[in-house]
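Chain residues, written in single-letter form:
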Amino acid sequence: MAVTAGADALTAAEPPAGEGVTLDVRDLRMRYGTNDVLDGVSFTAQRGEVLALLGPNGAGKTTTIEILEGFRMRSGGQVAVLGADPATGDERWRARLGVVLQSWRDHSRWQVRELLAHLGSFYAPYSTERIRRPWDVDELIEAVGLTVHAGKKVGQLSGGQRRRVDVAIGIVGRPEVLFLDEPTAGFDPAARREFHDLVHRLADLDDTTILLTTHDLDEAEKLADRILILAGGRIIASGSADELSRRISIDAEVRWSRDGQRFVHSTSTATAFVRELFAQHGEDIADLEVRRASLEDTYMALVREFESGRADRAARAFEEVAAG
Amino acid sequence: MSEVVYNRIAMLRAERGVTRRQLAEALGVHYQTIGYLERGEFSPSLHLALRIARHFEVPVEVVFSAEPFPRLGDPAATSIVRPA
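Going by an unreviewed UniProt entry, chain B carries the name Transcriptional regulator and comes from Micromonospora zingiberis.

Identification of chain A as ABC transporter ATP-binding protein from Micromonospora zingiberis is taken from an unreviewed UniProt entry. Looking at chain A in UniProt, the text filed under Subcellular location (unreviewed entry) is "Cell membrane".

Below you can see the structure in the form of structure tokens.
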């Protein structure tokens, strides 16, 4: 491991790598026993940026988030969240973070409004000129769409409504960095849409940096400025949904109709094909549609490519051992 | 409407134990498109039709026809293969 442990003590005092960098992760490693869950993860995030962390189950997404939140000690590498090392972050630093964990927190006997007002009060000492803490409780309840349920006990809410309470708890302190671990699990489509609006509002208006994990690729495509794909303990690809799709050559599907009949074709050169189609049939062509690879197609292709590459490497290593 | 193209994609797919997903990936089309093709809601382009035939390693007329395919076990079907 090529980690320079000596420099770590100064990390918290060091300014971030650049103006507006809120997350700075370099060569992050995590080992459980002999198992390397994270094997050199590096990425940065800017103020107001939304990052989606994707990856198969067990890829290390939750572990990464937990290390950044300061809930879990890393085995190696450097991490700075708002300029501080999460391993040694104090209360003042913690007050600037928001966390929504994967599982419900149980506060079933509290009323929604009462609970949020109570939790919010802990943030009051950390209010600043720029960021008033906590979030006004009624405004917050409205922002997460729980106004009509404000007087209900948490235990009486549905799964999706309880998840909204989790989100509200995560943002009550008006965090500058927000971690969301599968935030929309159990949301109906309308709740999901409202949640997306909330994420956009936090990122665009309040300049919140948001790191979220999800298995909903459609959601990642809608929300994230940048998508990180984690597999085998490393980030195997990162970029916008569009950038990722251009990395992989997946055929596009072209559909059209002519004389009331519908046709479909598959091609890697959709534009040329469509040009040819019009040259041949001109105005007879209707209902033209070009469907490019979805983020799901791209994701599956990237993960599969990575896994087959890893299998190849393992096979080569085996051959080398066998030959030697 | 007059230019109906009949196909036996579903039959070949079942016979070869290929799922719609697998066929979709092999052809570079969306998963639902295989269903559209099998039900005749969409016709494949000539090139796509040739690729489908090649995928199943059969001549194109085994998969596609301008006439409805005879039902299996239909005496008319055998008479086509072995003309009297």
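Having seen it, we continue.
Enquirer: What should I look at first to understand unusual backbone geometry in this one?
Expert: For residues other than glycine, phi is negative in most cases, and the peptide bonds are mostly trans. Residues and elements named next belong to chain A. Omega for the peptide link from R133 to P134 comes to -5°, which places this bond in the cis form. Within the secondary structure, P134 is located in the loop between α3 (112–121) and α4 (137–143). Non-glycine residue D27 carries a positive phi angle of around 55°. For D27, the location among the structural elements is in strand β1 (residues 21–32). Positive phi, normally seen in glycine, also occurs at R174, with a value near 50°. Within the secondary structure layout, R174 lies in the loop between α5 (159–171) and β6 (177–181). Overall, R174 belongs to the partly exposed group, its relative accessible area being 22%.

Enquirer: How should I be thinking about empty space enclosed by the protein in this particular structure?
Expert: A probe as big as a water molecule, rolled over the atoms, marks out the empty space that is left. Residue and element names in this part refer to chain A. All chains considered together, the criterion is met by two cavities of 30 Å³ or more. Computed from the structure, the largest cavity encloses a volume of approximately 70 Å³. Forming the boundary of the largest cavity are A143, V144, G145, R164, V167, F187, A191, E194, F195 and L198. Only α5 and α6 (189–204) provide two or more residues apiece to the lining of the largest cavity. Looking at which element gives the most residues to the lining of the largest cavity, the answer is α6, with four residues. For the lining of the largest cavity, the residue count by class is seven nonpolar, one polar and two charged.

Enquirer: Please explain the sheet that holds β1 of chain A as it appears in this structure.
Expert: Sheet strands pair via backbone hydrogen bonds, and the direction of the pair is either parallel or antiparallel. Residues and elements named next belong to chain A. One open sheet accounts for three strands, arranged β2-β1-β4; its pairing is antiparallel. The outermost strands of the open sheet, each flanked by one partner alone, are β2 (35–46) and β4 (76–81). Averaged over all adjacent pairs, the angle separating strand axes in this sheet is 15°, with direction ignored. Sheet topology note: the β1/β2 ladder contains nine bridges and is antiparallel. Among the inter-strand pairings, R31 is bridged to a residue of β2, identified as D36. The sheet strands contacting helix α1 (residues 61–69) are β1, β2 and β4, and the helix crosses β1 at an angle near 120°.

Enquirer: It is not clear to me how the interface of chain A and chain B should be interpreted in this structure. Could you clarify?
Expert: One widely used convention gives an interface's size as the accessible area the parts lose upon coming together. The interface is formed by 17 residues belonging to chain A together with 19 residues belonging to chain B. When residues of chain A are sorted by the area they lose upon contact with chain B, Q261, R262 and V264 of chain A head the list and together hold 35% of the total. Inspection of the region where chain A meets chain B yields two salt bridges. Here D251 of chain A and R51 of chain B are joined by a salt bridge, their closest N and O atoms 3.9 Å apart. Applying the counting criterion to the chain A and chain B interface returns ten residue pairs in polar contact (both at pLDDT 80 or more). Listed by contribution, the elements that provide at least two residues to the side of chain A that touches chain B are β10 (252–258), β11 (261–267) and α10 (295–323) of chain A. Here the element with the most residues in the side of chain A that touches chain B is β11 of chain A; it accounts for six residues. A per-class count over the side of chain A that touches chain B returns four nonpolar, four polar and nine charged. Note that β11 of chain A and strand β2 (residues 43–44) of chain B share two bridges and pair parallel.

Parameters at a glance
Residues numbered from 1 in each chain as written. Chains lettered and ligands numbered in written order. Predicted model: local features only at pLDDT ≥ 70, side-chain atom pairs only at ≥ 80, totals over all residues. Heavy atoms only, no water. UniProt positions renumbered as here; feature names shortened; annotations may be inferred. Helix = DSSP H or I, 4+ residues; strand = E, 2+ residues; numbered from the N terminus. Buried < 20%, exposed > 50% of the residue type's maximum accessible area, 1.4 Å probe, protein only. 1 Å grid on protein atoms, 1.4 Å probe; cavity = no way out; pocket = protein on both sides within 12 Å on 5 of 7 lines; lining within 4 Å. Points joined across faces, edges and corners; volume = space filled by probe spheres on them. Nonpolar A, V, L, I, M, F, W, Y, C, P; charged D, E, K, R; others polar. Pairing = 2+ DSSP bridges. Axes fitted to C-alpha atoms, helices over the stretch in contact; angles between N-to-C directions. Contact = heavy atoms within 4.5 Å. Buried area = accessible area lost by both parts, 1.4 Å probe. Salt bridge = Lys/Arg side-chain N within 4 Å of Asp/Glu carboxyl O. Polar contact = N/O pair within 3.5 Å; in protein donor to acceptor, adjacent residues only side chain to side chain.

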